[in-house]
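Residue strings, one per chain:
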Amino acid sequence: MIDRIRLVVRWLGWILERIVAPLRSNPDSVGFTLSIPETGTTTIDGDVGWGSRPPALLRCSRCGSDLYHRHPYDDIDCPRCVATHSYEEFAALEFRRFRCPVCGSAMEHGNRHPNRIDVPEWATCHACRYHWEFRHSY
Ligand SMILES: [Zn+2]
Ligand SMILES: [Zn+2]
């Protein structure tokens, strides 16, 4: 029951985040859009750091079903079988793809240091141009 409440709270937080995010950038932008109309053409939105990583789709090591991992520091629970993984096991699970936190599309991802870091280091959404980086690139 506690778990279920936690899940609902988490879910509501996610929804709220999605509603508030565009509102935050919109109300004050009316006056600005006239002066700087093209600032958003290359990247509309973006984040840096594992803590603001996009929601990830993993494969359960036990039953092979999809695991949706929204928050990087939550446990990774399988909805189908009883498998529970700590978030520290992220790299040990088969990574499938990120889901864009802005528009929900599947994101393209890649790795900048394939031999040293075994988790994706960047992800980009071709639908809305949201981009995420594990680290600053400079
Ligand atoms: Zn499973
Ligand atoms: Zn997107």
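The rules behind these values
Residues numbered from 1 in each chain as written. Chains lettered and ligands numbered in written order. Predicted model: local features only at pLDDT ≥ 70, side-chain atom pairs only at ≥ 80, totals over all residues. Helix = DSSP H or I, 4+ residues; strand = E, 2+ residues; numbered from the N terminus. Buried ≥ 20, exposed ≤ 12 C-beta atoms within 10 Å, placed from the backbone. Core = buried A, V, L, I, M, F, W, Y, C linked by C-beta atoms within 7 Å. Contact = placed C-beta atoms within 7 Å. pLDDT = per-residue confidence, 0-100. Pairing = 2+ DSSP bridges. Axes fitted to C-alpha atoms, helices over the stretch in contact; angles between N-to-C directions.

## Points about the overall build of the protein chain
Working step 1: When its secondary structure is counted, the protein chain shows 2 helices and 9 strands.
Working step 2: The secondary structure elements of the protein chain, listed N-terminal to C-terminal, are α-α-β-β-β-β-β-β-β-β-β.
Working step 3: Considering the protein chain as a whole, with its 138 residues, one finds that 13% of them fall into the buried category.

## Some words on the nonpolar core
Working step 1: Membership of the largest hydrophobic core is limited to 11 residues, which are Ala-56, Leu-58, Leu-67, Ile-76, Phe-98, Cys-100, Met-107, Ala-123, Cys-125, Tyr-130 and Trp-132.
Working step 2: Ignoring sequence-local partners within four residues, the contact set of Phe-98 consists of Pro-54, Pro-55, Ala-56, Met-107, His-109 and Ala-123.

## Digging into the confidence of the model for the protein chain
Working step 1: Put simply, the protein chain has an average pLDDT of 81, and 68% of its residues get 70 or more.
Working step 2: Considering only residues more than four positions removed or in separate chains, one finds that residues 28–41, a stretch of pLDDT under 50, has 0 contacts.

## Quick notes on unusual backbone geometry
Working step 1: Residue Arg-129 is not a glycine yet carries a positive backbone phi of 70°.
Working step 2: The topology assignment puts Arg-129 in the loop between β8 (122–124) and β9 (131–133).

## Notes on the pairing of strand β2 (residues 56–59)
Working step 1: Burial along β2 is one-sided: Ala-56 and Leu-58 are buried, while Leu-57 and Arg-59, pointing the other way, are not.
Working step 2: The pairing of β2 with strand β3 (residues 66–69) spans 4 bridges and is antiparallel. Note on β3: the bridge partner recorded for Leu-58 is Leu-67.
Working step 3: From the end of β2 to the start of β3, which pair antiparallel, there are 6 residues, and Gly-64 there has a positive phi angle of about 80°.
Working step 4: Pairing analysis gives 4 bridges linking β2 to strand β6 (residues 94–98), with the strands arranged antiparallel. The residue bridging Ala-56 from the neighbouring strand is Phe-98, located in β6.

## Concerning the sheet that holds β8
Working step 1: Strand order across the open sheet formed by 4 strands is β1-β9-β8-β7, with mixed pairing between neighbours. With partners counted over all chains shown, the strands left at the sheet margins are β1 (46–48) and β7 (108–110), one partner each. Sheet twist, expressed as the mean angle between neighbouring strand axes with direction ignored, is 10°.
Working step 2: With 3 bridges joining them, β8 and β9 adopt antiparallel strand pairing. Paired with Thr-124 across the bridge in β9 is His-131.

## Some remarks on the environment of Arg-99
Working step 1: Looking at the secondary structure, you find Arg-99 in the loop between β6 and β7.
Working step 2: Classification of Arg-99 by C-beta neighbours within 10 Å gives buried; the count is 20.
Working step 3: With residues up to four places along the chain from it excluded, the contact list for Arg-99 reads Pro-54, Pro-55, Leu-57, Gly-104, Ala-106 and Met-107.

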